[in-house]
Amino acid sequence: MSKPASTVTPNTWEFLRDAMITPTGFREYDARWKYPDDINLPGITALGLGLGTQMHARGIEPVIAVGNDYRDYSLSIKNALMLGLMQAGITVKDIGPALSPMAYFAQFHLDAPAVAMVTASHNPNGWTGVKMGFQRPLTHGPDEMAELRDIVLNGRGERRPGGAYEFVDGVREAYLDDLVGDFKMTRKLKVVCATGNGTASAFAPELFRRLGVEVVDSHNTLDYTFPHYNPNPEAMEMLHDMADSVRASGADLALGFDGDGDRCGVVDDEGEEIFADKMGVIMARDLAKLHPNSTFVADVKSTGLFASDPELQKHGAKADYWKTGHSHMKRRVKELGALAGFEKSGHYFLAEPIGRGYDCGMRVAVEICKLMDRNPDKSMSDLRRALPQTYSTPTMSPYASDTEKYAILDRIVQKLTAKAEAGDKIGGRAIAEVITVNGARVMLDNGGWGLVRASSNTPNLVVVCESPESEAEMRAIFADIDAVIRTEPGVGDYDQSI
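Residues numbered from 1 in each chain as written. Predicted model: local features only at pLDDT ≥ 70, side-chain atom pairs only at ≥ 80, totals over all residues. Heavy atoms only, no water.

Chemist: Quick one: what's the story with helix H2 (residues 74-87), residue by residue and with numbers?
Modeler: Side chains three or four residues apart in an α-helix point the same way, a direct result of the helix having 3.6 residues per turn. Compared with an ideal rise of 1.5 Å per residue, which puts 14 residues at 20 Å, H2 spans 20 Å between its outermost C-alpha atoms and is within 8% of the ideal. Among all positions of H2, only Ser 74, Ile 77, Lys 78, Ala 80, Leu 81, Met 82, Gly 84 and Leu 85 are buried. Looking at the buried residues of H2, the elements they touch are helix H1 (41-57), strand S2 (63-68), strand S3 (91-97), strand S4 (114-118), strand S5 (127-133) and strand S6 (164-167). (Helix = DSSP H or I, 4+ residues; strand = E, 2+ residues; numbered from the N terminus. Expected span 1.5 Å × (residues − 1). Buried < 20%, exposed > 50% of the residue type's maximum accessible area, 1.4 Å probe, protein only. Contact = heavy atoms within 4.5 Å.)

Next comes the structure, spelled out in structure tokens:
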């Protein structure tokens, strides 16, 4: 196989014949490109050949489950990917249109050692990509992605005989059966189901009805033009729409899903958005009663309540703060045998005996309905208000170029660690610990904290601060963290600040 070109002119003979792949599409834990600007169909086939070659190199049985999200070009992309996998001698089990977590489920259901899901996730139309994994329930992390990138871009994909294709029907039905189990609501619950016309439209409304939940439909007709908004429950546009639907319908809460269904956003009965880290604490409180002495993993951008909440401490819960990113989080949950992992972006990782450890927005929705059923006299806003109040900044991103941001961050981490060792204070508080698994998360003696890390996919640093005491203390923490950041001349303006 020859090396793919990094650019090929559209509407030329070569564009239909030669593989074209922009190298930047290989990310830390998945692959994502603008299509057809940054990758063409022969490029996708080269990616499939590379992925199949990687499977052989790692001694993985040559069988893979493959699905695609609901976009008008996803089937073409999947067909091109499967062609490359079959060229590499892989047996492809095509599960048809799917959510990412349905594809992860298919690995277990079909006993397939590998998975490849064609999806642009929550990115708008014009994007495509692949989420892949070999070791269920895990997906490729930075090492596997770097290895795959090397095989594909250097033209090291190897053709082998023995490739085969099989279309497997019925996986969607098995996935829904698995989610519902034998559970049925005992309290009345009215839920706004928001899917933004994305892939989850084919799953979520039916799932809720089978649970015995009253559904308020919100953009639940499949339409890959996304006529209302791009399905992304981190985007204010979607959250505001969910809140409006709650107020208009008198629903108990709204649950919203992104384009490939691996994330879930929550709005309570008062139209208040509950960020996934706080929703995680609400869920952890409920689960800690059922499963005492559990470990919960939270990403470093998440609230300090996982460590400081008295209710969690009472049930012996342990908190572990880990690297942001769905691949890192899945791995950490598995390594520690944690009960669950929570990422501020809306990825939840519910492990045995609740889920299988992969991020599934549908599983989260089911567990939230069960939580409401176990608390029949409480509204979602009651559960939100029962949490200790904290004061946190939004995620703030000062500019730092992609080529310099990691070196800048290393120096900032050293300076913050030195402050801790010298007994200096941040925001007027003693530093209890500096967690350096992903940048620096400076933990203070009262449970307050400040974080600086590098963004995985944009030329920025990421800064978040939280105080359990007051807004004034939160601002003081930010001022002291920012003062250290400002010692680096390569750091530019914030996208937003407090």
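Next comes the rest of the write-up.
Chemist: Kindly report on the side chain of Gln 54, identifying the contributing residues and their values.
Modeler: You can see Gln 54 is positioned in helix H1. In this structure the side chain of Gln 54 is engaged in a polar contact, spanning 3.0 Å, whose partner is the side chain of His 140. Those residues in contact with Gln 54, other than ones at most four positions away along the chain, are Phe 134, His 140, Glu 144, Glu 147, Leu 148 and Ile 151. (Polar contact = N/O pair within 3.5 Å; in protein donor to acceptor, adjacent residues only side chain to side chain.)

Chemist: Before we move on, could you go through the UniProt feature "domain: Alpha-D-phosphohexomutase C-terminal" (unreviewed entry) in the protein and cite the residues and values that matter?
Modeler: The sites that carry the UniProt feature "domain: Alpha-D-phosphohexomutase C-terminal" (unreviewed entry) are, in the present numbering, residues 425-483. Helix makes up 22% of residues 425-483 and strand 46%, with an end-to-end C-alpha separation of 13 Å. (UniProt positions renumbered as here; feature names shortened; annotations may be inferred.)

Chemist: How would you summarise the sheet that holds S2 if you had to cite specific residues and measurements?
Modeler: The mixed open sheet is built from 6 strands, whose spatial order is S1-S5-S4-S2-S3-S6. Because the sheet does not close on itself, it has two edges, and the strands there are strand S1 (31-34) and S6. On average, each strand axis in the sheet is tilted by 20 degrees relative to the strand beside it, whichever way the strands run. Across 4 bridges, the pairing between S1 and S5 is antiparallel. Paired with Ala 31 across the strands is Val 130, a residue of S5. (Pairing = 2+ DSSP bridges. Axes fitted to C-alpha atoms, helices over the stretch in contact; angles between N-to-C directions.)

Chemist: A description of the pattern of salt bridges should follow, citing residues and the corresponding values.
Modeler: Inspection of the entire model under this criterion finds 43 salt bridges. Residues Asp 178 and Arg 356 are paired through a salt bridge, measuring 2.9 Å at the closest nitrogen-oxygen approach. Linking Asp 178 in helix H5 (residues 171-180) with Arg 356 in the loop between strand S15 (348-350) and helix H12 (361-374), this pair joins segments that are 178 residues apart in sequence. Take Asp 178: its relative accessible area is 28%, and that puts it in the partly exposed class. (Salt bridge = Lys/Arg side-chain N within 4 Å of Asp/Glu carboxyl O.)

Chemist: Describe in detail the layout of surface pockets, supporting the description with residues and values.
Modeler: Approximately 1,100 Å³ is the volume attributed to the largest pocket. Lining of the largest pocket is provided by 37 residues; of these, His 122, Glu 234, Lys 301, Ser 345 and Asn 457 occupy positions nearest its centre. Broken down by class, the residue content of the lining of the largest pocket amounts to 6 nonpolar, 18 polar and 13 charged. In this structure, the second largest pocket occupies an estimated 420 Å³ of space. Lining the second largest pocket are 16 residues; nearest its centre among them are Glu 273, Lys 278, Arg 384, Thr 390 and Ser 392. Counting only elements with at least two residues in the lining of the second largest pocket, the list comes to strand S11 (273-274), helix H8 (276-290), helix H13 (380-385) and strand S16 (391-392). Its residues placed into classes, the lining of the second largest pocket shows 5 nonpolar, 4 polar and 7 charged. (1 Å grid on protein atoms, 1.4 Å probe; cavity = no way out; pocket = protein on both sides within 12 Å on 5 of 7 lines; lining within 4 Å. Points joined across faces, edges and corners; volume = space filled by probe spheres on them. Nonpolar A, V, L, I, M, F, W, Y, C, P; charged D, E, K, R; others polar.)

Chemist: Before we move on, can you summarise the sheet that holds strand S20 (residues 449-454) with the specific residues and values?
Modeler: As summarised here, the arrangement of the 6 strands in space is S16-S21-S20-S19-S18-S17, forming an open sheet in which the pairing is antiparallel. One side of each edge strand has no neighbouring strand; the edge strands of this open sheet are S16 and strand S17 (425-426). Bridge analysis of S20 against strand S21 (residues 461-467) gives 6 bridges, and the strand direction is antiparallel. Note that in S21 the partner of Leu 451 across the bridge is Val 464. Sheet strands in contact with helix H15 (residues 471-485) are S16, S17, strand S18 (429-435), strand S19 (440-444), S20 and S21, and its direction is about 150 degrees off that of S21.

Chemist: Outline the packing of aromatic side chains, listing residues and values.
Modeler: Within the structure shown, the criterion is met by 12 aromatic pairs. Relative to Phe 257, the ring of Phe 208 has its centre 6.4 Å away and its plane inclined at 35 degrees; by these criteria the two rings are tilted. In this pair, Phe 208 is assigned in helix H6 (residues 204-211) and Phe 257 in strand S9 (residues 253-257), connecting sequence segments 49 residues apart. With respect to class, Phe 208 is no different from Phe 257; both count as buried. In textbook terms, an aromatic cluster arises when at least three aromatic residues are bridged by ring pairs, as seen for Phe 296, Phe 306, Phe 342 and Tyr 348. Stacked on the ring of Phe 275, the Lys or Arg Lys 344 has its end atom at 5.7 Å from the ring centre. If you follow Lys 370 out to its NZ or CZ, it ends over the ring of Phe 183, 5.5 Å from the centre. (Phe/Tyr/Trp six-rings, centres within 6.5 Å; stacked < 30°, edge-to-face > 60°. Lys NZ or Arg CZ within 6 Å of the ring centre and 35° of its normal.)

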